[in-house]
Amino acid sequence: MKILISNDDGYQAPGIVALYEALQDVAEVEVVAPEHNNSAKSNALTLHSPLYVHRAANGFRYVNGTPADCVHIALTGLLGYRPDLVVSGINNGANMGDDTIYSGTVGAAMEGYLFGIPAIAFSQTEKGWKHLDAAALRARELVQQMLLQNMVGKQPWLLNVNIPCLPLQELKPAKVCRLGRRHAAEPVITQTSPRGETMYWIGAAGPVLDESEGTDFHATAHGHVSVTPLKVDLADHDKLGYWAQSIAQLAVKAAA
Ligand code: MN
């Protein structure tokens, strides 16, 4: 079994080092990760500047690009083989609810999934790497069980996993969850640059809107590891009929 590891916090982040070390004796593992922090880059690809790959002293390869760039070039030529699994993380902070749309951690995993490879995005629910060893052990457990149960290397699937920052003995079993929801983000922050121009900082993520039972927010708040299967199809299948009717009516009205 071969596993490709990436992340969005950069190849030097404690989370990716812990994940690599945890998976090292579970499979053949290789790291291809961004050189710098690329949080909130989603599935962005770098199309208008070249990408360079370097190898760090610990064997990790790093790229001057996004998480999706890393997985993309790894799968399309850099590795020279097809990994059985792509894992991303462990991210410094939660990727739950609406975060999954923006997350570079999820983006790296999603890139593997788009190439037909099973993929898992791992995040810790709080920043600061508290109890990272426990999170890495739980990640390792999940991957190991999936390998043993032959769930890896056949049909592609995409899982978003969030692990509470708790000591191992306090972490509760994994719970399969839907995504919660957040409110829209906090207001943009403005500052004045030394040259008198207004600078804008994207505001913090919004507070939680739906953390009801069954959501990732609810599960992790109660100490469970949340596991959410994701899909990529953004089409609103439930609304296809409504929109077919509405657009047809617009055409009728426009003709009248
Ligand atoms: Mn991150």
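Structure first, text after, so check above.
As the structure is a computational prediction, the values presented were derived from the model and not from experiment. (Residues numbered from 1 in each chain as written. Predicted model: local features only at pLDDT ≥ 70, side-chain atom pairs only at ≥ 80, totals over all residues. Heavy atoms only, no water.)

Chemist: Which parts of the structure should I look at to understand the coordination of the manganese ion?
Modeler: Coordination angles at a metal have ideal targets, namely 109.5 degrees for four tetrahedral donors and 90 or 180 degrees for six octahedral donors. Donor atoms from the polypeptide that coordinate the manganese ion comprise D8 (OD), D9 (OD), S39 (OG) and N91 (OD1), at 2.1 to 2.4 Å from the metal. All donors of the manganese ion come from a single chain, and their spacing in sequence reads D-D-x29-S-x51-N. Placement of D8 in the loop between β1 (2-6) and α1 (14-23) and of S39 in the loop between β2 (28-34) and β3 (53-55) is noted, with a sequence separation of 31 residues between them. (Donors = N, O, S within 2.8 Å, 3.2 Å for Na, K, Ca; no water. Helix = DSSP H or I, 4+ residues; strand = E, 2+ residues; numbered from the N terminus.)

Chemist: Can you walk me through the packing of aromatic side chains in this structure?
Modeler: The way to describe two aromatic rings as a pair is by their centre distance and the angle between their planes. Counted by the stated rule, this structure contains three aromatic pairs. Seen from their ring centres, Y20 and F60 are 4.9 Å apart, and the 70° between their planes marks the pair as edge-to-face. In this pair, Y20 sits in helix α1 while F60 sits in the loop between β3 and β4 (61-63), placing the two residues 40 residues apart along the sequence. Each member of the pair Y20 and F60 is classed as buried. Between Y242 and W243 the ring centres are 5.0 Å apart and the planes differ by 80°, which places this aromatic pair in the edge-to-face class. (Phe/Tyr/Trp six-rings, centres within 6.5 Å; stacked < 30°, edge-to-face > 60°. Buried < 20%, exposed > 50% of the residue type's maximum accessible area, 1.4 Å probe, protein only.)

Chemist: I tried to follow the pairing of β1 on my own but got confused; where do I start?
Modeler: Two faces, one strand: in a regular strand the side chains alternate between the faces of the sheet. Most of β1 is tucked away, with four of its five residues classed as buried. Pairing of β1 with β2, which is carried by four bridges, proceeds in the parallel orientation. Across the sheet, the residue bridging to K2 is E28, located in β2. Between β1 and its parallel partner β2, the chain crosses via α1, and the hand of that crossover is right-handed. Taken together, the four bridges between β1 and strand β5 (residues 85-91) define a ladder with parallel strand orientation. Note that in β5 the partner of I3 across the bridge is L85. (Pairing = 2+ DSSP bridges. Right-handed = clockwise from strand over helix to strand, strands pointing away.)

Chemist: Looking at this structure, how should I read the packing of α1 against helix α5 (residues 132-148)?
Modeler: Think of two packed helices as two axes; the pair is described by the angle between the axes and how far apart they sit. Two elements in contact, α1 and α5, have axes separated by 9 Å at closest approach and are oriented at 45°. If you check the angle between α1 and α5, you find them oblique. Helix-helix and strand crossings are classified by hand; for α1 and α5 the assignment is right-handed. For the pair α1 and α5, contact is made by P14, G15, A18, L19, A22 and L23 and by L132, A136, A139, R140 and V143, respectively. Its residues assigned to classes, the contact of α1 with α5 shows nine nonpolar, one polar and one charged. (Axes fitted to C-alpha atoms, helices over the stretch in contact; angles between N-to-C directions. Parallel < 35°, antiparallel > 145°, perpendicular 65-115°, else oblique. Left-handed = near helix turned anticlockwise from the far one by under 90°. Contact = heavy atoms within 4.5 Å. Nonpolar A, V, L, I, M, F, W, Y, C, P; charged D, E, K, R; others polar.)

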